[in-house]
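Structure at a glance
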Amino acid sequence: MHQKPIRRLWRQARLATLTGTDWGLLEHGALLTEDERIAWVGPVADLPSDLSVDEEHDLGGGLLTPGLVDCHTHLVYGGRRADEAELRLNGVSYEQIARAGGGIRSTVAATRAASEEELLAQAVRRTQVLRQQGVTTLEVKSGYGLSLEAEARCLRVARRLGNETGLSVRTTFLGAHALPPEFEGRPDDYIDAVCTWLPTLHAQGLVDAVDAFCETIGFTPAQTRQVFEAARSLGLPVKLHAEQLSDQGGAALAASFGALSCDHLEHLSPEGIAAMKAAGTVAVLLPGAFYMLRETKLPPVAALREAGVPMAVSTDHNPGTSPALSLPLMAHMACSFFRLTPLEAVRGITVHAARALGLHDRGTLAPGQRADLALWDLEHPNELTYWFGHTPCRCVVVGGEECS
Ligand code: NIG
Ligand code: FE
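Residues numbered from 1 in each chain as written. Chains lettered and ligands numbered in written order. Predicted model: local features only at pLDDT ≥ 70, side-chain atom pairs only at ≥ 80, totals over all residues. Heavy atoms only, no water.

**Observations regarding the overall build of the chain**
Applicable threshold: Where helices and strands are cited, they refer to DSSP runs of H or I of at least four residues and of E of at least two residues respectively, numbered from the N terminus. The globule rule used here is 2.2 Å times the number of residues to the 0.38 power, and the radius of gyration it is set against is calculated over C-alpha atoms. Exposure is judged per residue with a 1.4 Å probe applied to protein chains only, and the accessible area is read against the type maximum: over 50% gives exposed, under 20% gives buried, and values in between give partly exposed. Throughout, the Shrake-Rupley method with a 1.4 Å probe supplies accessible areas, and for residues the shown protein chains are the sole cover considered.
Across its full length, the chain holds 14 helices and 15 strands. Taking 404 residues into account, the globule formula puts the C-alpha radius of gyration at 22 Å, and the chain, at 21 Å, falls close to it. Along the first, second and third principal axes, the C-alpha set of the chain runs to 70 × 50 × 40 Å. Counting all 404 residues of the chain, 59% fall into the buried class. Accessible surface, the chain as shown: approximately 15,700 Å² in total, 51% of it carbon and sulfur.

**Things to note about the sheet that holds strand 5 (residues 68-70)**
Across a sheet, strands are paired by hydrogen bonds formed along the backbone, either parallel or antiparallel in direction. Threshold: Note on pairing: DSSP must find at least two bridges between two strands before they are called paired. Axis lines are fitted to C-alpha atoms, over the contacting stretch for helices. Their N-to-C directions set the angle, which ranges from 0 to 180 degrees.
Judged by pairing direction, the sheet is parallel, and its four strands sit side by side in the order 5-6-7-8 without closing on themselves. With one partner strand each, in any of the chains shown, strand 5 and strand 8 (209-212) form the two edges of the open sheet. Within the sheet, the average angular offset between the axes of one strand and its neighbour, ignoring direction, is 25°. Bridging between strand 6 (residues 135-141) and strand 7 (residues 168-176) involves five bridges; their strand directions are parallel. What sits directly across from Thr137, in strand 7, is Ser168.

**Some remarks on the packing of aromatic side chains**
Aromatic ring pairs: the centre-centre distance and the angle between the two ring planes describe each pair. Rules: Each Phe, Tyr or Trp ring (for Trp, its six-membered ring) is paired with any other whose centre lies within 6.5 Å, and the angle between the two planes then decides the class: stacked below 30 degrees, edge-to-face above 60, tilted in between. A positively charged side chain is recorded as over a ring if its NZ (Lys) or CZ (Arg) lies within 6 Å of the ring centre. The angle to the ring normal must also be within 35 degrees.
As enumerated under the stated definition, the model contains nine aromatic pairs in all. With centroids separated by 5.4 Å and ring planes inclined at 65°, the aromatic side chains of Phe228 and Phe257 adopt a geometry described as edge-to-face. Here Phe228, found in helix 7 (residues 221-233), pairs with Phe257, found in the loop between helix 8 (250-256) and strand 10 (261-264); they are 29 residues apart in sequence, far enough to count as distant. For the pair shown, Phe228 and Phe257 are each scored as buried. One aromatic cluster in this structure is built from Phe183, Tyr190, Trp197 and Phe219. The lysine or arginine in question, Arg126, covers the ring of Tyr77, its NZ or CZ lying 3.7 Å from the ring centre.

**Re the coordination of the iron ion (ligand 2)**
The line we're drawing: A 2.8 Å cut-off from the metal defines N, O and S donors, relaxed to 3.2 Å for Na, K and Ca; water is not in the atom list, so some sites may appear incomplete.
Listed as protein donors to the iron ion (ligand 2) are His72 (NE2), His74 (NE2), His241 (NE2) and Asp316 (OD); their distances from the metal cover 2.1 to 2.3 Å. Every donor residue of the iron ion (ligand 2) comes from the same chain, spaced as H-x1-H-x166-H-x74-D. Of this pair, His74 sits in the loop between strand 5 and helix 1 (82-89) while Asp316 sits in the loop between strand 12 (311-313) and helix 12 (327-336), and the two are 242 residues apart along the sequence. Note on accessibility: His74 and Asp316 belong to one class, buried.

**Thoughts on the pattern of salt bridges**
Going by this rule: Take a side-chain nitrogen of Lys or Arg and a carboxyl oxygen of Asp or Glu: if they are within 4 Å of each other, that pair is a salt bridge.
Here the structure, examined in full by the defined rule, presents 24 salt bridges. The residue Arg7 makes a salt bridge to Glu34 at a minimum N-O spacing of 3.1 Å. One end of the pair, Arg7, is in strand 1 (residues 7-16); the other, Glu34, is in strand 2 (residues 25-34), with 27 residues separating them in the sequence. Using a relative accessible area of 30% as the deciding quantity, one classes Glu34 as partly exposed. Two residues, Lys141 and Asp211, come together in a salt bridge whose shortest N-O distance is 2.8 Å. Of this pair, Lys141 sits in strand 6 while Asp211 sits in strand 8, and the two are 70 residues apart along the sequence. Given a relative accessible area of 1%, Asp211 falls into the buried group.

**Describing the nonpolar core**
In plain terms, the rule: Among buried residues, those of type Ala, Val, Leu, Ile, Met, Phe, Trp, Tyr and Cys that are joined through side-chain atoms within 4.5 Å constitute a nonpolar core. What counts as a domain boundary in this text is fixed by an automatic or database domain assignment. In what follows, residue pairs with any heavy atoms lying within 4.5 Å of each other are defined as contacts.
The biggest cluster of nonpolar side chains holds 99 residues, and the ones touching the most others in it are Val207 and Leu340. The two domains that each donate at least three residues to this core are domain 1 (7-67 + 367-402) and domain 2 (68-356). Once you skip the residues sitting within four places of it in the chain, Val207 turns out to touch Leu155, Arg159, Thr171, Phe173, Leu198, Leu201, His202 and Leu236. By size, the runner-up hydrophobic cluster in this structure holds 14 residues, among which are Trp10, Leu15, Val41 and Leu64.

**Looking at the packing of helix 4 (residues 116-132) against helix 5 (residues 148-165)**
Our working definition: Angle categories: roughly parallel below 35 degrees, roughly antiparallel above 145, roughly perpendicular from 65 to 115, and oblique for all the rest. When the near helix sits turned anticlockwise from the far one by under a right angle, the crossing is termed left-handed; a clockwise turn instead gives a right-handed crossing. Residue type decides the class: Asp, Glu, Lys and Arg count as charged, Ala, Val, Leu, Ile, Met, Phe, Trp, Tyr, Cys and Pro as nonpolar, and the leftover types, Gly among them, as polar.
Helix 5 packs onto helix 4 with a crossing angle of 50° between their chain directions and a minimal axis gap of 9 Å. Put simply, helix 4 runs oblique to helix 5. As for the relative orientation of helix 4 and helix 5, their crossing is right-handed in sense. From helix 4, Glu116, Glu117, Leu119, Leu120, Ala123, Val124, Thr127 and Arg131 reach across to helix 5, where they touch Arg153, Cys154, Arg156, Val157, Arg160, Leu161, Glu164 and Thr165. Residue composition of the contact of helix 4 with helix 5, grouped by class: seven nonpolar, two polar and seven charged.

By themselves, these are just geometric observations and shouldn't be taken as functional.
This is the structure:
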């Protein structure tokens, strides 16, 4: 039986729709939702006088924006790496730690030792913090299991996160994140294994996209290509940790597979930029990892802007290089470190972040879009990149339902 949609009117707010090339500010705005979609957006004065709704929500004079999208996280893992962070602050490099078997591998050991319920409980807590700071959609990568069983466990946790928290979660298989100890000295064999796991994980409905870490301390372009070919044969989109510590030509490789995004990009070349532009690939900038690794090489933001490559910003939440759980803080840092404009950074945590996940139904306030909203104690959306270290988010709405 076809049920009548629930119509909700949201009023008494300033709206930042982000639909055009500007903030899309509506001073006295109103928004009408029907079930999980936005049905109408406009000035409150334009609302029909005879409008009938099921619920009316007074937004108390706050600022309403699209719900934020965190498009790159490694949120499911066991343990923590504060000791490693301390080592780094005492002068040991990330690469030295990785080569000595620490780094990602120590998280792999802790993740393998954790039960699915433990992993879920920790991931739920982290997701709630993201939500308290405006996030309504997030991507979660595997990559700390590195065996079929442990990768499946992490991806199941990512799937369950959506049900537990009410947020939209997209899953990414990152089996090619690091070499597990049982494959020491045999990276090609490991990549063969990763490619055989992928169809199994996909058949279980656990994979929305496929990622790899193409780097001197990760996998070569040839190994990355093999993973991408396995993804393509299943019709799965790809993305890539590319040009983080060196220029491997990863961005151009990923673009040749029509990648949704290339992420990090501090060492991105002009050729990589051109290939990303031609393929419509989003550049995901990760200032949290840049900051924590105390990098000095900046991603080529001016050239990306000039080329018209859409830029997104994400937390890259992970226990090694970016234990960050505030997307507005990352937007702030993208402005201060990478010189994004406040508008670019806010588009980077909304509409462009959605695009980095292949999602075109969120990230702006417009009819037909998902009713994923964030309500802020702010006067203007440029304050999203201004304040740092506190949480001006009052609540989020996910699919038309108030969520926190
Ligand atoms: O995105 N670059 C590789 N992966 C993560 C770091 C993972 C870790 O150190 O645990 C990143 O920065
Ligand atoms: Fe990452």
